[in-house]
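# Summary of structural features
Residues per chain, in single letters:
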Amino acid sequence: MKELSEVLKDWEAVIGLEIHTELTTLETKMFCNCKNTHDAKPNANVCPVCLGLPGALPVPNKRAIESIVKAGLATNCEVQKHSMFYRKHYFYPDMAKNFQTTQGPVAFCMHGHLDLEVTGRGAAERPECAFGAAEAQSLASASANAVGLSTAMATQMREGSHGGALAGMSGYNTANLALPERHEDGSYTVPIRILRIHMEEDAAKMVHVGGEEGRIAAASESLIDYNRCGTPLIELVTEPDLRTPEEARLFMEKLRRIFLTLGISDCSMEHGSMRCDGNVSLRRRGETKLGTKTELKNLNSFKALHDGLAYEICRQAEVLEEGGIIYQETRHWEPGRKRTVVMRVKETADDYRLFPDPDLAPFDLSDEFIAHCAAEIPELPDAKRDRYETAFGIKRADAEQIAGDPETAAFFEASAEGLSGKPAQAVANLIVNELAAYLKGVEGGITDCGIAPAQVASLAKLLAEDAISSNQAHEVFGLMAESGEDPEKIVDERGMRQVSDAGALQPIVDEVLERCADQAQQYRDGNQKVLGFLVGQCMKESRGQGNPKLFNELLRASLS
Amino acid sequence: MAQYIDTLSAARIAAGIKAGEFSAREVAQASLDAIAAREDAVQAFLQVCPELALAAADRVDAARAAGGELPPLAGVPFAIKDNMNLVGTRTTCASRMLENYESVYTATCVQRMLDAGCVPVGKANMDEFAFGSTTDSSAFHPTHNPWDTERVPGGSSGGSAAAVAAGEVPLALGSDTGGSIRQPAALCGVVGMKPTYGAVSRYGVVAFGSSLDQVGPFGRTVEDVALAMNALTGAGKDPYDGTSQDCPVDFCEHLNDPIEGRRVGIIPAFMEAEGLTPEMRAAVEAAARELENQGAELVEVDLPHLDAAIAAYYVIGPAEAFSNLARFDGIRYGYQEPDCANLDAQSSLSRAHGFGPEAKRRQMLGAYLLSSGVYDKYYYAAQKARTLITADYASAYERCDVILMPSSPRTAWRHGEISDPTQMYLADLYTISINIAGNGGVSVPLGLGADSGLPVASQLVGPAFKDRTMLMFARALERGLTDAATGAPALSVAPAFAGKGGELA
Amino acid sequence: MALTETDVRGIADYARIALEGDELAEMTSYLNDAVDMLAPVLDYDLPDVEPTFHPIGDLANVMREDEELGQRDLPLEVALENAGSTRDRYFRVPSILGEAGDR
């Protein structure tokens, strides 16, 4: 198979994502008061409602509705005041009622977007192309398809005068399609549109017994644990605006940072609280008609999302280039074998027999309700990144990384308070490098790892004042983590403070040059490399306390 | 002189227990004795629960002995339609599907009756999953009309109606999706009320049509029905049923108010409808005259979109029923076909063998009506018809306080007399539109028909959440037509059963 | 257009109701009768009328607080009590794809 970069020279990949996020921070499930947790024994958190017992009725969790409204506001969606829950029917044991309570044509949140900044190598993969009307039409039906609505439902506006979903779909035109804005360095910014975010309930977990690796294929029986059944889930569906696996990954990362900041989920892809399916099809560059798409499952990490899509794009290109046909099917990404395999061929569209759930009153959200949700939204990662960049003067990439995680951001702000420029950047460096590495090796997170922001601030000041080298900083970081002591004290007690006084260091330089006359001569003869040896000798002579940069300068001056 | 439980209203029983005339245990035992003596002929119950009954009665007696305030219906035995969950009993919906289903929680409506001091004596027969109007579709046995045991009691809450009419219990709970309380009440000669949708919690009541179902009481007097309504609604809306609403009225408060100067609507098209038997028509006309005699004004009202009601009902009802019954797949509960090689076979055969013919028909119809292409054609049309019918009622109520109409086009028919399912659907003409609009309705017995000698009745329907007004008119009819003849509210126990077992010790 | 037996078999497959013996023919006949009976409703798909999905007036925004009450939690033995087949703490179903794995 060809490399992705080769494939993308000839083909345009059209990618849409469906991202499910469990609202793990809620106390209770979506429609009942059962505990909303991952770590209970099988079937320990069930009640008549989530077990679908005869006669049980659902009542929506208010905080779940608040959470989805916040998610919509934070992703530039239009919050729909009027929407309803629907029943989506399919017979499968992971749904206790054999229908899923979800939303219909109008979701709580519609028509949002996130702007992606794509830089570096991935930026070259995005093709330059324009959209035509025919393209808009085919994308519109792709969008409708993505949410499982019948064509009839998708073309008729059936939820009363307030709803805008299908009006939005039929109004899907080129004006809505923003093109990437290229910057001089080849990087670009592109808005990725969000079709909708709707509220639904999660399904039970099934264990397939007797088959290979817990797969369903050869299983002799399956076991069902309804703990997860009825837990609150929001599903975000993008428009098919993504064009490269890199964009897909960036979108997912960005969304995750936003949801983490909102505090609506732990967003763990590893534990399945954030799950992503990808729809991908190819067409020749310049073509407006969409190709046949496949749906990719098991994209359970950022890497899997990128690599699965990249593989699938290359696979489709190979099939098409050999004159083959792409079938509309669901494929499973196997990260171990680095390939996708067929799970299910879709011969006909599923008929889920959606209709408004009569047990759940409609929603007619008030301005006050939406304003209350908006007021609870904290500063979002993009705004925080920009503020860190301007207020603290730290590098954009570091600002982005720190701002993306609420706890890290809080730690940074506590550490860098009152600082800007060099010491603030030193704080950022310590957090991004030393602290991140340290946290990987210990239990617990940033708030309970035993390191205080004041310690990091103190260490950063030492660095910024050139009182210690970055190598020393690494050592001091380890010592302060271990002892809980202040870095200044550690540095002073161990006599680590770096000497940056040229007057104090010159005698050492003179002494070393006298002792190492051969090497000094080699340098004068043009061997630049020997300078490192001489600096090392100076450091040794100063018992590690001399500023290596200053030694370097003094040596050069003395030898010239 | 011996006193029999079937001569006592719920109000009288509660008062007697409070006064120490008899104990709750004696009453419960009398009810159980009456059931033992009468069930062979009536077969109103699917399960009798003497232990639960006596334990509840003993709690009432203990409370009285301790000098505590007794709740309003303390010690009053009641029957529960078998689609309502009560821990300690099976909830079968009269279906093989749930033949062995043990209730693991208690329905709110049942709990509220228990909280009011009522004593549960058993689970009443019904049409399977409430699909029907005869109770003949029960998977276990038919129930017989106490007025003529060769005839049906009506349905789907036929067991509840028959248990009250046979004097086995003074009160029973039923559910009404398209007439399932009012029609059997009419056929059995008892009072049966479907409250406004949302007045009574549906939590724990096995759903048929979620937007149509409503729980309500049967009694032999209007006052007993009012007392039961107080029990069912007094605690306010149910946090477990998001469609329930507060209904903050005392249903007994204005029960005996005069109706002078109030207006009663009559729908001429209903009185002329094909299929309405002369004796039923005569009974409703007599009721109208009685209300007029008491000073009410009769006004003609029109419901122009009523011709769509049956069709709309048979779109909405089956669609919701298909959805609600999808959960019965034999996995978590219910009949499970043994020895199936795979899940599909297990589900399909469990459902094929667990459900009876009408339950299968309704689900098939619903699955068809919800399918792609068909849904757009029928479902929206039906819900628009619903909007129009609701508006029809609303404009009618601008001109009257209640509307008087038949509850059933005819008196009780013989078992097996009507067999074609779609013909049977048409008999719901008078009850269905109330469920579609969500308003309340109450069937009031009007004695025996001149031609059949069987109970005749009329129905009073009122605006949403004006159920108390409706009961006031029902009481006016009762006061005028039966008190006048007997000196007290006639307790309407079918004569063949009166005084058969159930003597208070 | 009348429903054929093939149509009805498709609905039955979807609804997981196995039709045996004469049931397919009976069901087909019933469904066609029932659908005929529903015809009057088709006249009501009027453009100016909003559908009523909930017969509860203006009731909207019904929500509950996100509080764990524990009142309705079912102990495991009660949760599994009515199940036809269980294993350990789980509900059990037979092979989903069937012995041949043909679906």
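The notes below deal with the structure included here. (Residues numbered from 1 in each chain as written. Chains lettered and ligands numbered in written order. Predicted model: local features only at pLDDT ≥ 70, side-chain atom pairs only at ≥ 80, totals over all residues.)

### Some thoughts on the interface of chain B and chain A
Keep this limit in mind: Contacts are defined on C-beta atoms placed from the backbone: any two residues whose C-beta positions lie within 7 Å are in contact. For helices the rule is a DSSP run of H or I covering at least 4 residues; for strands it is a run of E covering at least 2, with both sets numbered from the N terminus onward. Under the convention adopted here, Pro, Cys and the residues Ala, Val, Leu, Ile, Met, Phe, Trp and Tyr are nonpolar, Asp, Glu, Lys and Arg are charged, and Gly plus all remaining residues are polar.
Chain B puts 36 residues into the contact, and the matching count from chain A is 27 residues. For the side of chain B that touches chain A, the secondary-structure elements that each account for two or more residues are helix 10 (309-325) and helix 13 (374-396) of chain B. Among the elements that make up the side of chain B that touches chain A, the one with the highest residue count is helix 13 of chain B (four residues). Looking at the side of chain B that touches chain A, its residues break down into 17 nonpolar, 12 polar and seven charged.

### Considering the sheet that holds strand 10 (residues 221-225) of chain A
For clarity, the threshold we go by: The criterion for strand pairing is that DSSP finds at least two bridges linking the strands in question.
Taken in spatial order, the four strands line up as 9(A)-10(A)-2(C)-1(C) in an open sheet, and their pairing is antiparallel. Only two strands of the sheet have a single partner each, and these edge strands are strand 9 (205-209) of chain A together with strand 1 (86-87) of chain C. The sheet contact formed by strand 1 of chain C and strand 2 (residues 90-94) of chain C spans two bridges and is antiparallel. Looking at strand 2 of chain C, one finds that C:R87 is bridged to C:Y90.

### A few points about the pairing of strand 10 (residues 440-448) of chain B
All names here are of chain B. Quick note on the threshold: Three exposure classes are used, all based on how many other C-beta atoms lie within 10 Å of a residue's own C-beta (placed from the backbone): buried at 20 or more, exposed at 12 or fewer, and partly exposed between those limits.
Among the nine residues of strand 10, seven are classified as buried, and the element is accordingly described as predominantly covered. Relative to strand 10, strand 5 (residues 191-194) runs antiparallel, the two sharing three bridges. Considered in strand 10, the bridge of K194 is made with G441. Bridge analysis of strand 10 against strand 11 (residues 455-462) gives seven bridges, and the strand direction is antiparallel. Note that in strand 11 the partner of P445 across the bridge is A457. Taken together, strand 10 and the strand that follows it, strand 11, pair antiparallel across an intervening segment of six residues, in which G453 is found at a positive phi of about 75°.

### Observations regarding unusual backbone geometry
With an omega of 10°, the peptide bond running from B:G155 to B:S156 counts as cis. Its identity is not glycine, yet B:A94 carries a phi of approximately 55°, on the positive side. Among the secondary structure elements, B:A94 is positioned in the loop between strand 2 (77-81) and helix 4 (108-115). Unlike most non-glycine residues, C:R16 shows phi in positive territory, near 55°.

### Let's talk about helix 11 (residues 406-415) of chain A
All names here are of chain A. Here is the rule: To obtain the arc, one takes the directions from the helix axis to the C-beta atoms.
Within helix 11, burial applies to T408, A409, F411, F412 and S415. One side of helix 11 carries all its buried residues, which in axial view fall inside an arc of 160°. Considering only its buried residues, helix 11 is in contact with helix 9 (381-392), helix 10 (396-403), helix 12 (422-440) and helix 13 (453-464).

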